[in-house]
Amino acid sequence: MATQAIGPLYSAPLLGGDDGTAQTVSLLRSLIDDAWKDSFINRTAIDIVRNAGVAQYDEASQARAIYQWVRGNFYFVNDPVSKEALRPTRDLLQLGAGDCDDFVNVMAALVGSIG
């Protein structure tokens, strides 16, 4: 069985306190900005809301459908000990797994890609 290579895992020692939070948010923002330009992310979001039967122009229901989909299809795993690990959104969707900030990455990317 062939395995698909997954892209880079961004892992760095986590700075302490607010600096560590700012470090994570900065990289997440960059990954999400990149995801909004990715047609795979946009197609995935559209497929999710269509398959959920959400009416057009119902943005709140679209966001709920995406949340429910991610919640049902995303397996929680911890980061390595004392590291903050982040992956590009496409890779997270292919893996179907990550931690809490990866969940935020996927949610923000999918919802943002459809406005």
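Scroll up for the structure.
Residues numbered from 1 in each chain as written. Predicted model: local features only at pLDDT ≥ 70, side-chain atom pairs only at ≥ 80, totals over all residues. Heavy atoms only, no water.

A. Region of interest: the packing of helix α3 (residues 59-73) against helix α5 (residues 100-113). In the contact formed by α3 and α5, the axes pass within 10 Å of each other and the chain directions differ by 145°. Handedness of the crossing formed by α3 with α5: right-handed. On the side of α3, the interface is formed by Ala63, Ile66, Tyr67, Trp69, Val70 and Arg71, while α5 contributes Phe103, Val106, Met107, Leu110 and Val111. Here the residues of the contact of α3 with α5 sort into 10 nonpolar, no polar and 1 charged. (Axes fitted to C-alpha atoms, helices over the stretch in contact; angles between N-to-C directions. Helix = DSSP H or I, 4+ residues; strand = E, 2+ residues; numbered from the N terminus. Left-handed = near helix turned anticlockwise from the far one by under 90°. Contact = heavy atoms within 4.5 Å. Nonpolar A, V, L, I, M, F, W, Y, C, P; charged D, E, K, R; others polar.)

B. Highlighting the nonpolar core. With 15 residues, the main nonpolar core has Ile41, Ile66, Val70, Phe74, Leu93, Val106 and Leu110 as its most contacted residues. Of all the elements in the fold, those that place two or more residues in this core are α2 (39-51), α3, α4 (89-95) and α5. When near neighbours in sequence (up to four residues on either side) are disregarded, Val70 contacts Phe103, Val106, Met107 and Leu110. (Core = buried A, V, L, I, M, F, W, Y, C linked by side-chain atoms within 4.5 Å. Buried < 20%, exposed > 50% of the residue type's maximum accessible area, 1.4 Å probe, protein only.)

C. The arrangement of the environment of Ile32 in detail. Its place among the elements puts Ile32 in helix α1 (residues 17-36). Ile32 sits 77 residues away from Ala109 along the chain, and the two C-alpha atoms are 5.3 Å apart. Beyond its immediate chain neighbours, meaning those up to four positions away, Ile32 contacts Val104, Asn105, Ala108 and Ala109.

D. Focus on the packing of aromatic side chains. Counted according to the given criterion, the structure contains 2 aromatic pairs. Ring centres 6.0 Å apart and planes at 80° place the aromatic pair Tyr67 and Phe103 in the edge-to-face group. Of this pair, Tyr67 sits in helix α3 while Phe103 sits in helix α5, placing them 36 residues apart in sequence. The interplanar angle of 75° and the centroid separation of 6.3 Å between the aromatic rings of Phe74 and Phe103 together place this pair among those described as edge-to-face. Remark: Phe103 occurs in helix α5 and Phe74 occurs in the loop between α3 and β2 (75-76); sequence separation between them is 29 residues. Classification of Phe74 as buried rests on a relative accessible area of 15%. Among the residues examined, Phe103 registers a relative accessible area of 22% and is labelled partly exposed. Every member of this aromatic cluster is reached through a ring pair, and the members are Tyr67, Phe74 and Phe103. (Phe/Tyr/Trp six-rings, centres within 6.5 Å; stacked < 30°, edge-to-face > 60°.)

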